[in-house]
Amino acid sequence: MALLKVKFDQKKRVKLAQGLWLMNWLSVLAGIVIFSLGLFLKIELRKRSDVMNNSESHFVPNSLIGMGVLSCVFNSLAGKICYDALDPSKYAKWKPWLKSYLVVCVLFNIVLFLVALCCFLMRGSLESTLAHGLKNGMKYYRDTDTPGRCFMKKTIDLLQIEFKCCGNNGFRDWFEIQWISNRYLDFSSKEVKDRIKSNVDGRYLVDGVPFSCCNPNSPRPCIQYQLTNNSAHYSYNHQTEELNLWVRGCRAALLSYYGSLMNSMGAVTLLVWLFEVSITIGLRYLHTALESVSNPEDLECESEGWLLEKSVSETWKALLESLKKLGKSNQVEAEGADAGQAPEAG
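These numbers come from a predicted model, not from an experiment. (Residues numbered from 1 in each chain as written. Predicted model: local features only at pLDDT ≥ 70, side-chain atom pairs only at ≥ 80, totals over all residues. Heavy atoms only, no water.)

1. Observations regarding the overall build of the chain
Stage number 1. Along the backbone of the chain there are 9 helices and 2 strands.
Stage number 2. Moving toward the C terminus, one meets the helices and strands of the chain in the order β-α-α-α-α-α-α-α-α-β-α.
Stage number 3. When burial is assessed residue by residue, the chain has 39% of its 346 residues classed as buried.
Stage number 4. Counted over contacts in the chain with a minimum sequence separation of 6, partners at least 24 positions apart contribute 73%.
Stage number 5. Carbon and sulfur atoms make up 61% of the accessible area of the chain, which totals about 20100 Å². (Helix = DSSP H or I, 4+ residues; strand = E, 2+ residues; numbered from the N terminus. Buried < 20%, exposed > 50% of the residue type's maximum accessible area, 1.4 Å probe, protein only. Contact = heavy atoms within 4.5 Å. Areas by Shrake-Rupley, 256 points an atom, 1.4 Å probe, with all protein chains shown as cover.)

2. So, the nonpolar core
Stage number 1. The biggest cluster of nonpolar side chains holds 71 residues, and the ones touching the most others in it are W174, V209 and Y258.
Stage number 2. Breaking this core down by element, the ones donating at least two residues are α1 (10-47), α2 (59-84), α4 (98-121), α5 (123-139), α6 (152-163), α7 (190-197) and α8 (250-291).
Stage number 3. If you tally residues by element for this core, the top one is α8, at 13 residues.
Stage number 4. If we skip the residues at most four places from it in the chain, Y258 touches L41, E44, L45, R48, M52 and L126. (Core = buried A, V, L, I, M, F, W, Y, C linked by side-chain atoms within 4.5 Å.)

3. Section: the pattern of salt bridges
Side chains that carry opposite charge are capable of pairing whenever their charged atoms lie near each other.
Stage number 1. Per the stated rule, a full pass over the model turns up 9 salt bridges.
Stage number 2. Its salt-bridge partner being E44, residue R48 comes within 3.0 Å of it at the nearest N-O pair.
Stage number 3. Taking the shortest distance from any N to any O, the salt bridge between R195 and E191 comes out at 3.8 Å. Here R195 and its partner E191 are both found in helix α7, 4 residues apart, which amounts to about one turn of the helix.
Stage number 4. Taking the relative accessible area as the measure of exposure, R195 reaches 26% and is therefore partly exposed. (Salt bridge = Lys/Arg side-chain N within 4 Å of Asp/Glu carboxyl O.)

4. Some points on the environment of W246
Stage number 1. Residue position: W246 is located in the loop between α7 and α8.
Stage number 2. In this structure the C-alpha to C-alpha distance between W246 and C165, which are 81 residues apart in sequence, comes to 5.1 Å.
Stage number 3. Discounting chain neighbours no more than four positions away, the residues touching W246 are Q160, K164, C165, C166, F171, S212, C213, C214, N215, P216 and N217.

5. Notes on a nonpolar patch on the surface
Stage number 1. A surface patch of nonpolar side chains, about 800 Å² in accessible area, is lined by V103, V106, L107, I110, F113, L114, L117, F120 and L121.
Stage number 2. Looking at the element boundaries, L107 is found in helix α4. (Patch = residues over 30% accessible without salt bridge, like charges linked within 9 Å, V, L, I, M, F, W, Y side chains within 5 Å.)

6. A short note on the state of the cysteines
Stage number 1. This structure, assessed with the given rule, holds 3 disulfides.
Stage number 2. Paired by a disulfide, C166 and C213 hold their sulfur atoms 2.1 Å apart. In this structure, the disulfide formed by C166 and C213 twists by about 85° around the S-S bond and is classed as right-handed. Highlighted residues: C166 in the loop between α6 and α7 and C213 in the loop between α7 and α8, separated in sequence by 47 residues.
Stage number 3. Disulfide partner of C214: C222, at an S-S distance of 1.9 Å. Around the S-S axis, the bridge from C214 to C222 shows a dihedral of about -75° and counts as left-handed.
Stage number 4. Taking relative accessible area as the criterion, C222 reaches 33% and is therefore assigned partly exposed. (Disulfide = S-S within 2.5 Å.)

7. What about α6?
Stage number 1. An ideal rise of 1.5 Å per residue puts 16 Å on 12 residues; α6 measures up with 16 Å between its terminal C-alpha atoms.
Stage number 2. Along α6, the positions that sit buried rather than exposed are M152, I156, D157, L159, Q160 and F163. The buried residues of α6 occupy an angular sector of 160° when the element is viewed end-on, so they sit on one face.
Stage number 3. Along its buried surface, α6 packs onto α5 and α8.
Stage number 4. Of the residues one or two after α6, K164 is the one with positive phi, at around 55°. (Expected span 1.5 Å × (residues − 1). Arc of directions from axis to C-beta.)

8. Details of the UniProt feature "transmembrane region" (unreviewed entry) in the chain
Stage number 1. Taking the numbering used here, the UniProt-annotated feature "transmembrane region" (unreviewed entry) corresponds to residues 20-41, 101-122 and 255-275.
Stage number 2. With 95% helix and 0% strand, residues 101-122 has its two end C-alpha atoms placed 31 Å apart.
Stage number 3. Taken as a whole, residues 255-275 contains 100% helix and 0% strand, while its terminal C-alpha atoms sit 30 Å from one another. (UniProt positions renumbered as here; feature names shortened; annotations may be inferred.)

9. A few points about the packing of α2 against α8
Angle between the axes and distance between the axes: these two values describe a pair of packed helices.
Stage number 1. Contact pair α2 / α8: the axes reach a minimum separation of 12 Å and the direction vectors enclose 25°. One element, α2, and the other, α8, form an angle in the roughly parallel class. You can see that α2 and α8 cross each other, and the crossing is left-handed. Across the interface between the two elements, L64, S71, N75, A78 and C82 of α2 pack against M265, T269, E276, I279, L283 and L286 of α8. (Axes fitted to C-alpha atoms, helices over the stretch in contact; angles between N-to-C directions. Parallel < 35°, antiparallel > 145°, perpendicular 65-115°, else oblique. Left-handed = near helix turned anticlockwise from the far one by under 90°.)

10. Notes on unusual backbone geometry
Stage number 1. A positive phi angle, near 55°, is found at K164, a position not held by glycine.
Stage number 2. Within the secondary structure, K164 is located in the loop between α6 and α7.
Stage number 3. Even without a glycine there, the phi angle at Q226 is positive, about 50°.
Stage number 4. Mapped onto the elements, Q226 comes out in the loop between α7 and α8.
Stage number 5. On the accessibility criterion, Q226 (33% relative accessible area) is partly exposed.

What follows is the structure, given as C-alpha cells:
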C-alpha cells in the first residue's frame, strides 16, 4: 500500500508544478546565501590562520561553499523540470531520469544535514587548533628580525586589541615566555644578566605583558611591567586590585566569535535543509502524480501521488534485497574474472 497517498486533478497538478518552480528558484537564492556564508567564514579563518595550528578548521567553510554551488545547480535543474511538467511533450524527455534525480536529491539532503551538524560540532577541534596556534604565535612574538616570523608581533598585537583579550588563556601566559627580543636587551645590565641566569633555559622572563593587553577603559595609566610587585607602583595590590589589562584569554575570545558565527550558519543551513526536503517531497508527489495518469491524452483526468510506493518496512526490505543482489552479481563477476585469468597463467 502506498504511503501518504493524495489524489490530484489537472488543476492541483498545475498548482503543484508552479509552486515547486517558485520554491526551486527561492532555493537557488538560498544556495547563494550558503555559498556566501561559507566564503565569509573561510575569509575570517584565513585572517587568523597565523594563530591556527592546522587547516582542519576549513572543512566547514569548504563544505558550505560546495553545498551552496550544488544547491544552485540542482534547484535550477528542478525548476526547469517543474516548468516542463506542465507540457506533456517537454516532460517526456525528463521522465526516464526523474527517479534517479530524486535519489540524488535525497543524498544531497542527507549531506546538507550533516554539514549543518558539523557547524555545531566543530567547536572542539577549533578549540585545540586555537590553543596550539596561539601558543606558537606568542612564542614567535619576539622574532621581529626572523624571516617568516617578523609579522607575528603585529598579528598578535592587533588580535589582542581587536578582541580585547590577552595571552592564550590569560595575561599570565606572557610571564612564561620571553616576548622581548634580545635585540632590545642590554646584556651589560646586572638586572638582565640576573634574570637570564635565574632561568634554566636562559630566557629573559618578566612579569609583564605587551602594550596591546592594556584596557583603555581603565582610569589608571596602564601597568605593563612588574605586575606582581606591589612595591613597584603607588597604591597598588595585584591580588585585590582589578588590573587595567584585558582579563579574558584570546583563545576564549576567538572561540566565542567563531562559535557564534558557526552556530548562526548552522541554523541557516538547517532552515535551508528543511526547505530542500519539502521541495524533494513535492517533486516526488509531482513525479508519481504524472506517472499515474491513466490516459495521457486526457489532461483533465485524476491521478494519485504518493511519497513511497509501498510501506516503510516493505520499501526497506526491497532496498536490502536489491543491495544483496547487487553484491552477489559483483561477486559472480569477480569469480568469472579470476577463472578467466587462471588458464592464461597456466
